Amino acid sequence: MLSWNIGRAKITSIVESETPTSPRFMYKDMTKVEVLQRAEKAPWLRPHFISDDGYLLQKIQCLIVEIGDFKVAVDTCIGNDKERTNELWSHLQGPFLEDMTKAGYPPESITHVVCTHLHVDHVGWNTRLVDGEWVPTFPNARYLFVDSEFDHWETAESLFDGEDVFGDSVAPIAAAGLSDRVAIDHRLSDNLCFQPTPGHTPGHISLVIESEGEKAIITGDMTHNPLQIADPDLSSMFDTDMDAARTTRRAVFPGWADGKTLIIGTHFGSPTAGTMSPDGDGYKLDV
Ligand SMILES: [Zn+2]
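Residues numbered from 1 in each chain as written. Predicted model: local features only at pLDDT ≥ 70, side-chain atom pairs only at ≥ 80, totals over all residues. Heavy atoms only, no water.

Gaps left between atoms show up when a probe the size of a water molecule is rolled over them. Its volume calculated, the largest pocket comes out at about 450 Å³. Counting residues per element, the ones that place at least two in the lining of the largest pocket are strand S2 (9–21), helix H1 (23–26), strand S3 (56–67) and helix H4 (120–123). With 5 residues, the single largest contributor to the lining of the largest pocket is S2. A breakdown of the residues in the lining of the largest pocket according to their chemical character gives 12 nonpolar, 10 polar and 4 charged. There is about 230 Å³ of room inside the second largest pocket. Lining of the second largest pocket is provided by Arg38, Lys41, Ala42, Leu227, Ala230, Asp231, Pro232, Asp233, Arg250, Asp279, Asp281 and Gly282. Here the lining of the second largest pocket is built from residues that sort into 4 nonpolar, 1 polar and 7 charged. (1 Å grid on protein atoms, 1.4 Å probe; cavity = no way out; pocket = protein on both sides within 12 Å on 5 of 7 lines; lining within 4 Å. Points joined across faces, edges and corners; volume = space filled by probe spheres on them. Helix = DSSP H or I, 4+ residues; strand = E, 2+ residues; numbered from the N terminus. Nonpolar A, V, L, I, M, F, W, Y, C, P; charged D, E, K, R; others polar.)

Attention now moves to the coordination of the zinc ion. Note on the zinc ion: its protein donors are Asp121 (OD), His122 (NE2), Asp221 (OD) and His267 (NE2). The metal-donor distances range over 2.0 to 2.1 Å. Taken together, the 4 donor atoms coordinating the zinc ion and their angles of 86 to 163° define a geometry best described as irregular. If you list the donors of the zinc ion from N- to C-terminus, the spacing comes out as D-H-x98-D-x45-H. Placement of histidine 122 in helix H4 and of aspartate 221 in the loop between strand S12 (214–218) and helix H8 (227–230) is noted, with a sequence separation of 99 residues between them. (Donors = N, O, S within 2.8 Å, 3.2 Å for Na, K, Ca; no water. Tetrahedral: all angles 85-135°; square planar, octahedral: opposite > 155°, others 65-115°.)

Time to look at the sheet that holds strand S9 (residues 179–182). As summarised here, the arrangement of the 7 strands in space is S1-S2-S3-S4-S5-S8-S9, forming an open sheet in which the pairing is mixed. Pairing within the sheet leaves two strands with one partner each, and these edge strands are strand S1 (3–6) and S9. On average, each strand axis in the sheet is inclined to that of its neighbour by 25°, with strand direction left out of account. Seen against the sheet, helix H5 (residues 147–155) touches strand S8 (142–146) and S9 and runs at an angle of roughly 80° to S8. (Pairing = 2+ DSSP bridges. Axes fitted to C-alpha atoms, helices over the stretch in contact; angles between N-to-C directions. Contact = heavy atoms within 4.5 Å.)

The complete set of buried residues in H5 reads Glu149, Phe150 and Trp153. Projected down its long axis, H5 shows its buried positions confined to an angular sector of 95°, all on one face. The inward-facing, buried residues of H5 contact S8, helix H6 (165–169), helix H7 (171–175) and S9. (Buried < 20%, exposed > 50% of the residue type's maximum accessible area, 1.4 Å probe, protein only. Arc of directions from axis to C-beta.)

Turning next to the packing of aromatic side chains. The final tally for this structure, using the stated rule, is 11 aromatic pairs. Measuring from centroid to centroid gives 5.7 Å for phenylalanine 160 and phenylalanine 238, while their planes differ by 70°, and the two rings are edge-to-face. With phenylalanine 160 in the loop between H5 and H6 and phenylalanine 238 in the loop between H8 and helix H9 (242–256), this pair connects stretches of sequence that are 78 residues apart. Judged by its relative accessible area of 19%, phenylalanine 160 falls in the buried class. Here the aromatic rings of phenylalanine 253 and tryptophan 256 are separated by 5.7 Å at their centres, their planes lie at 50°, and the arrangement is tilted. (Phe/Tyr/Trp six-rings, centres within 6.5 Å; stacked < 30°, edge-to-face > 60°.)

The next point concerns the pattern of salt bridges. Counted under the stated rule, the structure contains 14 salt bridges. Arginine 142 is paired through a salt bridge with aspartate 180; the nearest N and O atoms lie 2.9 Å apart. Remark: aspartate 180 occurs in strand S9 and arginine 142 occurs in strand S8; sequence separation between them is 38 residues. For the salt bridge of arginine 246 with aspartate 243, the shortest nitrogen-to-oxygen distance reads 2.4 Å. (Salt bridge = Lys/Arg side-chain N within 4 Å of Asp/Glu carboxyl O.)

Set out below in structure tokens:
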């Protein structure tokens, strides 16, 4: 189990699944040959983030940030029992909550839930199925939803046809009175604040963690794979607004690429985190 210390903060990864992903799933028309060509120009991408046969090495994980009295679950994966269009994600029966508990974080210990955005693989464990009803998994937490993100997905279709992600994983939280709608630059404490990174979705945020002069950033999906660190202009097919996503990466990466800030990629394969520095027209991640 991966974890990192940033000053007094401890960040722990709870992995729900880790599978090589076809580049065509993430980046329109991108072949495995093209991925390997890109990795030749940016050799640091291998072996951690690109496989020898051109697959993207990715995971779905929740990152738990503990500092002081805060135990914040950042992004809650796919979840169990959900009816999903992607059959790899439908009606899961995984040990995610047991893994969290073994790591020292039983569900009732979580004080806040932060969803970087409201896509299917970031909200699933917000709720769990009890007697046929979707109930909040983290009964003592405040769930923080960015206003513009909540408003968008309340009326928009889910990312994939035939599933109701908002209905089973977000609406029940609001109905239970556990949700707080917050601004896109919300600050939770002296140590934790949102950085607006819109484009992948309208109200997408990254989470900034600062303690005792050290700093880390949890990216969310403003970058799915470090291919987009090497080439910030590369947008994912799942971006609501591909141009805005590009503009966001070009705007925030110069501030992140100081060689010191720990960049923790929400979907990056292990070791999942590193420091960024400029590299040609893009950047590189040193792990
Ligand atoms: Zn995602």
